[in-house]
Amino acid sequence: MLIDSYRGIKIFYTKTLPSLKGFDRVDGEVLYWYEMYSEGLGVLRSEWWPRRLTWLSRRELEELMEKYWEVRIKYSRPIPGAKYVLRRLRSMGVFLGSVSYRDDIPGLKIERMKMFDLDKYFDDILIVGDHVKTRSEGLRVLRDKHMLGKVYYVDDKPGNLWRIKRVEPWFLTINYRFQYKPSYPWDIPYTGDYMIYSLPEIIGIIKKDLS
């Protein structure tokens, strides 16, 4: 959530994919919407591509996946204020842990964090699908391992916050809503315990709780 990589998704499906042999504009538009709904449900391309792109061989799927991530990374940008917020929270003595879903390619999620120099701000990093089975399990592991009191979880997908609160109601959830973006299929009304429109708002929330 510290990196905005959504722009690259649309570019891949609507511009890059139609330019590849065996694909056209309609393919790109249809698959883009499959991607949007799958993204909201937390279903990876490595899970749904083989069921929809049945005419491609395993090797061709792997090559397409590499191209997908090449484009998505190229157009990724850190969320405004991300590094500033992480530095401020560390200076306040706040433990910073990262629990996020894995990418299609093993090891790529942490590698992407390193590309944007974000990994160094975290005290611990867990990847769902590699280290733990769910986000809520990851939060429990960090809480118990580091003997944490209050635990805040920030996500731009309300569905993720809803699932966490269903099984771990004592975790505090913060819904980061992009202020300037098109509507995505996962933008459901649920907002968690807090709703923010800029990452620096997190500092105020935690400061208030610490005082």
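Definitions and limits used
In this convention, every chain numbers its residues from 1, walking through the sequence in written order. The predicted nature of this model means local features are confined to residues of pLDDT at least 70 and side-chain atom pairs, given and counted, to a pLDDT of 80 or more, with totals for whole chains, interfaces and linings taken over all residues. Excluded from the side-chain calculation are hydrogens and water; included are all heavy atoms of the structure. Each helix is a run of DSSP H or I of at least 4 residues and each strand a run of E of at least 2, with the numbering of both proceeding from the N terminus. Radius of gyration: C-alpha atoms only; globule rule: 2.2 Å multiplied by the number of residues to the exponent 0.38. The classification of residues rests on relative accessible area computed with a 1.4 Å probe and restricted to protein chains. Under 20% of the type maximum is buried, over 50% is exposed, and intermediate values are partly exposed. Any pair of residues with heavy atoms lying within 4.5 Å of one another is described as a contacting pair. The Shrake-Rupley method, run with a 1.4 Å probe sphere, supplies the accessible areas, and residue values consider only the shown protein chains as cover. The sign given to each residue is positive for Lys and Arg and negative for Asp and Glu; His and the chain ends receive no count. One atom stands in for each charge, and that atom is NZ of Lys, CZ of Arg, CG of Asp or CD of Glu. Two strands form a pair only when DSSP identifies at least two bridges running between them. Lines fitted to the C-alpha atoms define the axes, with helices restricted to the stretch that makes contact. Angles between their N-to-C directions range from 0 to 180 degrees.

Peer 1: Can you walk me through the overall build of the protein chain in this structure?
Peer 2: When helices and strands are counted, the protein chain shows nine helices and seven strands. For 211 residues, the compact-globule estimate of 2.2 N^0.38 gives 17 Å, and the C-alpha radius of gyration of the protein chain, at 18 Å, lies within 12% of that figure. Reported as C-alpha extents along the three principal axes, the dimensions of the protein chain are approximately 60 × 35 × 35 Å. Counting the 211 residues in the protein chain, one finds 45% classified as buried. Taking as baseline every contact in the protein chain between residues at least 6 positions apart, the subset at least 24 positions apart corresponds to 62%. When the accessible surface of the protein chain is split by element, carbon and sulfur atoms take 54% of a total near 11,600 Å². Computing the positive centroid from 37 side-chain charges and the negative centroid from 29, the protein chain places the two 3 Å apart.

Peer 1: Teacher, can you tell me more about the sheet that holds strand E7 (residues 194-196) here?
Peer 2: Where strands meet in a sheet, backbone hydrogen bonds hold them as pairs that are either parallel or antiparallel. Pairing is parallel in the open sheet, where three strands are placed in the order E5-E6-E7. For this open sheet the edge positions go to strand E5 (152-155) and E7, each flanked by a neighbour on one side alone. Direction aside, the axes of adjacent strands within the sheet are offset by 25° on average. Of the strand pairs in this sheet, E5 and strand E6 (residues 172-176) are connected by four bridges, and their pairing is parallel. Looking across to E6, one finds that Tyr 152 is bridged to Leu 172. In the packing of helix H8 (residues 158-167) onto the sheet, contacts are made with E5 and E6, and the angle to E6 comes to roughly 170°.

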